[in-house]
Amino acid sequence: MKFPDNKYNMIQEILEKTEAEIEKMQPVNILIAGKTGVGKSTLINNVFREKLADTGIGKPVTKHLRRISKEGIPIVLYDTRGLELDPRVQKTVKQEIFDLVKEKKATREALHAVYYCIQANSSRIEDSEIELIKEISKVLPVILVLTQSIGKPAEEFNRYLENQNLPVAAVQNIMAEPYEITDDYVIPAFGLKELIDKTLQLIPKDAHDAFMNAQQADIERKAKAARRWASRYVATTFGVGFAPIPFSDASVLVPMQVTLLAHITSIFGISMDKSTIVSLIAAVGGTGTATMIGKTIVANAFKFIPGAGTVIGGIISGTTASIVTSALGLSYIEVLSIIATKEKEGESIDLSRIEGLMRRQFKKNIKLNRKELRTKDLEFDSDKALNDAYETYESLGKDTSKKVPFTKKVTRSVGHFIQDHLPFNKR
């Protein structure tokens, strides 16, 4: 539902365009196979967002296959149930898999890959299971996922499987979530980022966006993908042919900024609602109304760009517009990275802190020149930018004595904007 009394609402537009971006994605379809109790649900819930194995709609498609999906997440998982060592059961499951592959072939629901899960502490694999893996690998690429990979036995089991020369794409040890040995010693989760990387090497490129949206195990990879896209988008939009625009008409930047923010949101695939986006836009002085946002962001940006004050009331060059929009996009990516991390950790988001983080990141990024903005994604190789943003978010929560209600903060931001930044202000 659109906000009242606004002819053009940026918040609604971002949400609608984000939804449209996700709907355009080629969905990724993965089969999760393995015997009962090997940790398939734990794997699913830690690789993919929103606890898909628990909250996803599990619809039986055959006696031994369950279809897991959820609206708004562009991925479909097929989970094998009751896959035991009984040869008759395995034969039935194998046939159901083959029938499913054949049925979905050449459609949007065509299967792309298989995670075949085996407990790493099994130390061996039955001949019947080896035969099943060989048969499945004839129709789909298979990654052997060694779950609960604790210590040296798990490494040895990996080498054992590698020496079997099975026709699989990869073998990957994982610990899907931290494993507590004692009160003082916990084995951290590992292997999920490597699984993400190997999966992306297998699935078609036109399914990469959907997989990136659905996965939550590698937030840094989401941020890098968003930065690469934003960099190309800004370079294309504000190219040599971009005509300077009057400051009073800065709202023409709105469609570009809406597209930028919507596409970034679709890459991250996080649960964004109107109040969160309002908070982020308010942080850079916006009202949430798209007819004002171009002027608002540019007006605030001029405070940080050396020498830019000479063009207030005049024109905005393509270079200035690209710097402003790049800073907006990069700040948005950094904040969404924190939101995605908190969602992954099961923590709620403090909107007042998110607003403060957006404001601080925008102030940092708007001071960078074009080259610095273009190459800033290199910092993610050492996680420096994300770590800085995370530390800033945490520090904003230390002083809670002066917290202001969210609605008042938005109102105050709007008031400051009107008083200080509009070009027609006569004060």
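Everything here concerns the structure above.
Here goes a summary of the coordinates provided. What you see is a predicted model; the values in this text were computed from it and never measured. (Residues numbered from 1 in each chain as written. Predicted model: local features only at pLDDT ≥ 70, side-chain atom pairs only at ≥ 80, totals over all residues. Heavy atoms only, no water.)

### Remarks on the nonpolar core
Line of reasoning, step 1. Judged by nonpolar contacts, the single largest core of 92 residues is most densely connected at F48 and Y115.
Line of reasoning, step 2. If you tally residues by element for this core, the top one is helix α13 (residues 318–344), at 13 residues.
Line of reasoning, step 3. With sequence-adjacent residues up to four places away left out, F48 is seen in contact with I30, I75, L77, Y115, F211, A214, Q215 and Q216.
Line of reasoning, step 4. Counting residues in hydrophobic clusters, the runner-up holds 29 residues, among them A33, L83, V142 and L161. (Core = buried A, V, L, I, M, F, W, Y, C linked by side-chain atoms within 4.5 Å. Buried < 20%, exposed > 50% of the residue type's maximum accessible area, 1.4 Å probe, protein only. Helix = DSSP H or I, 4+ residues; strand = E, 2+ residues; numbered from the N terminus. Contact = heavy atoms within 4.5 Å.)

### Section: the pairing of strand β1 (residues 28–33)
Line of reasoning, step 1. Of all six residues in β1, six are buried; the element is thus mostly enclosed.
Line of reasoning, step 2. On β1, burial covers both faces: V28, I30 and I32 on one face and N29, L31 and A33 on the other are all buried.
Line of reasoning, step 3. Here five bridges tie β1 to strand β4 (residues 73–80), and the two strands are oriented parallel to one another. Each residue of the ladder has a partner; that of L31, found in β4, is Y78.
Line of reasoning, step 4. Sheet topology note: the β1/strand β5 (residues 113–119) ladder contains four bridges and is parallel. (Pairing = 2+ DSSP bridges.)

### Some remarks on the pairing of strand β6 (residues 142–147)
Line of reasoning, step 1. Of all six residues that make up β6, six are buried, and the element is covered over most of its length.
Line of reasoning, step 2. After leaving β5, the chain enters helix α5 (residues 127–136) and then returns to the sheet as β6, a path that is right-handed.
Line of reasoning, step 3. Both β6 and strand β7 (residues 170–173) contribute to a ladder of four bridges, which runs parallel. Its bridge partner lying in β7, L146 is registered against N173.
Line of reasoning, step 4. Between β6 and its parallel partner β7, the chain crosses via helix α6 (residues 151–163), and the hand of that crossover is right-handed. (Right-handed = clockwise from strand over helix to strand, strands pointing away.)

### Topic: the sheet that holds β4
Line of reasoning, step 1. The seven strands are arranged β2-β3-β4-β1-β5-β6-β7 in an open sheet whose pairing can be described as mixed. The two strands at the open ends of the sheet, each matched to only one other strand, are β2 (57–60) and β7. Strand-to-strand twist across the sheet, computed as the mean angle between neighbouring axes with direction ignored, equals 25 degrees.
Line of reasoning, step 2. Note that β2 and strand β3 (residues 65–70) share four bridges and pair antiparallel. Across the sheet, G58 pairs through a bridge with I68, a residue of β3.
Line of reasoning, step 3. Here helix α4 (residues 87–104) sits on the sheet and contacts β1, β3 and β4; the angle it forms with β4, its principal contact strand, is near 155 degrees. (Axes fitted to C-alpha atoms, helices over the stretch in contact; angles between N-to-C directions.)

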